[in-house]
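Coordinates in review
Here are the chains, one letter per residue:
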Amino acid sequence: MTAALSALFSGKPSVRRTTSKSAAASAKVDPMEEAVPAQIEDSELVTRTQAGDAEAFDALILKYSQRLYGLVYHMTSNHEDTNDLLQDIFAKAYRSIGGFQGKSSFYTWIHSISVNMTINFLKKRGRRFHMSLDDIDGGVQNDKEFIELTATSDPVRDNDLLELQQRLNEAMQKLSHEHRAVVTMFDIQGMPHAEISKILGVSEGTVRSRLFYAHRQLQNYLEEFRKR
Amino acid sequence: MEDDFKELQTLLRLKRYEQPPPGYAERFLKEFHRRKRWDVPQKRGFAAISEKISDWMGAITIPKYAYAGTFGIFAVAAVAINSFIGAPVTRPLVASSAPVAAVSSAQTTSAVEPSALALNGPLDMSALDTPFVNQGSAASDIRPRYILESRPASYEAPFSF
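Here's what I pulled together on the structure shown here. No experiment lies behind these values; they were computed from the predicted model shown.

Some points on the overall build of chain B
Scanning chain B for helices and strands turns up five helices and two strands. Its helices and strands in sequence order give chain B the pattern α-α-α-α-α-β-β, from N to C terminus. A burial count over chain B gives 22% of its 161 residues as buried. Across chain B, contacts joining residues at least 24 apart in sequence account for 25% of those joining residues at least 6 apart. Split by element, the accessible area of chain B, about 12,200 Å² in all, is 64% carbon and sulfur.

Some remarks on the pattern of salt bridges
In the structure shown here, the tally under the stated rule is 11 salt bridges over all chains. Put simply, Asp 84 of chain A and Arg 35 of chain B hold a salt bridge, and the shortest N to O gap is 3.1 Å. Of this pair, Asp 84 of chain A sits in helix 4 (residues 79-96) while Arg 35 of chain B is found in helix 2 (residues 24-42), placing the two residues in two different chains. Judged by its relative accessible area of 36%, Asp 84 of chain A falls in the partly exposed class. A salt bridge links Glu 204 of chain A to Arg 208 of chain A; its shortest N-O distance comes to 3.6 Å. In this pair, Glu 204 of chain A and Arg 208 of chain A are both assigned in helix 10 (residues 204-227), four residues apart and thus about one turn of the helix distant. On the accessibility criterion, Glu 204 of chain A (34% relative accessible area) is partly exposed. Given the relative accessible area of 46%, Arg 208 of chain A is considered partly exposed. If you follow the salt bridges from partner to partner, you end up with Asp 84 of chain A together with Glu 31, Arg 34 and Arg 35 of chain B in one network.

Concerning the packing of helix 5 (residues 106-125) of chain A against helix 9 (residues 193-200) of chain A
Residues and elements named next belong to chain A. The N-to-C vectors of helix 5 and helix 9 enclose an angle of 60 degrees; their axes lie 8 Å apart at closest approach. In terms of their interaxial angle, helix 5 and helix 9 are classed as oblique. Seen from above, helix 5 lies across helix 9 with right-handed handedness. Between helix 5, through Tyr 107, Thr 108, His 111, Ser 112 and Val 115, and helix 9, the contact on the second element is made entirely by Glu 195, Lys 198, Ile 199 and Leu 200. Split by residue class, the contact of helix 5 with helix 9 holds four nonpolar, three polar and two charged.

Section: the nonpolar core
Counting 62 residues, the largest nonpolar core has Leu 86, Phe 90, Phe 106 and Leu 218 of chain A as the members making the most contacts within it. A total of 13 residues in this core trace back to one element, the largest contributor, which is helix 3 (residues 54-76) of chain A. Setting aside residues up to four positions removed in sequence, Phe 90 of chain A forms contacts with Phe 57, Leu 60, Ile 61, Tyr 64, Ser 65, Leu 68 and Ile 110 of chain A together with Phe 28 and Phe 32 of chain B.

With respect to a nonpolar patch on the surface
Taken together, the side chains of Ile 81, Phe 84 and Ile 85 of chain B make up a nonpolar region of the molecular surface, amounting to roughly 390 Å² of accessible area. Overall, Phe 84 of chain B belongs to the exposed group, its relative accessible area being 70%.

The rules behind the values
Residues numbered from 1 in each chain as written. Chains lettered and ligands numbered in written order. Predicted model: local features only at pLDDT ≥ 70, side-chain atom pairs only at ≥ 80, totals over all residues. Heavy atoms only, no water. Helix = DSSP H or I, 4+ residues; strand = E, 2+ residues; numbered from the N terminus. Buried < 20%, exposed > 50% of the residue type's maximum accessible area, 1.4 Å probe, protein only. Contact = heavy atoms within 4.5 Å. Areas by Shrake-Rupley, 256 points an atom, 1.4 Å probe, with all protein chains shown as cover. Salt bridge = Lys/Arg side-chain N within 4 Å of Asp/Glu carboxyl O. Axes fitted to C-alpha atoms, helices over the stretch in contact; angles between N-to-C directions. Parallel < 35°, antiparallel > 145°, perpendicular 65-115°, else oblique. Left-handed = near helix turned anticlockwise from the far one by under 90°. Nonpolar A, V, L, I, M, F, W, Y, C, P; charged D, E, K, R; others polar. Core = buried A, V, L, I, M, F, W, Y, C linked by side-chain atoms within 4.5 Å. Patch = residues over 30% accessible without salt bridge, like charges linked within 9 Å, V, L, I, M, F, W, Y side chains within 5 Å.

And the structure:
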């Protein structure tokens, strides 16, 4: 049953890393594309969960766990914290789903819980953390933007790009929790401004201004790195 | 303006490939069920109540203007209480604009008339119990006289070194 649900909601199969940089981006894998929620399916699953169907909530977990993992991980930069936090997020969602009235989509609701709990966790954690260093996962070699980036007239080798990504991770940690949240949702997860404003409970103008400030901060930090 | 951040946003978009390993969702689900089975019998009593309260508090959205309003009420109350408690207690000073005749020693009675203690007139110390150093009428006219509880303060130090 679990395998069937997983097959139903999983997206495209992961692409193995290729050694050739010149490989055409014939199968561009965008991990975010597979998690676009279907409004009708979510409402049905929520209704069944509220009626006591635990497997319906399992389906929601399988559907959103990967996407929410990305959201939480890019805010915490630590895999262990992300896993524990994600368990707490879904546990809270399961306890609270009885009060979910459907005024917003389940997608917005679960993202709102995730962001709030992550920010609260980060405030408690403070500066006592260590980043989980990760190589960029397989699939990036076939990404069109990655190919363009490495084929520019100012060549950026793989090692430089990896180091640049690590510096970017460090720069992300220097942002405030709220600014990091909007950068994660907009730039990394590709959410529109309207959706982010609903999740955070702020106006679209606030989202845009936070994004601008965060981009400027990140840009300045990376410029300092490049000048070295 | 967004063009200035184009390269930065490209780098940020590449971070979406930082994904958990394959099969993570299934393992996560198993862990979720395991924790649910373990948490239900463990969280009883105060822990369960505390968790429900924290969930309820998290569900409450307090508008930001409520904080300003609460602070304003608190500030007004603090000022009001401070002005009520901190009001100085003013004791009535015995003062009279009309000249007061000195009370002769022959007419001294056990009770001292308040007019004898007036600030603007000569003070007959014979009617008073406490000693008073008389340095002359002129000096006594310009010397300040402090009346505390119907008795002038003594210029002599109560103790000497």
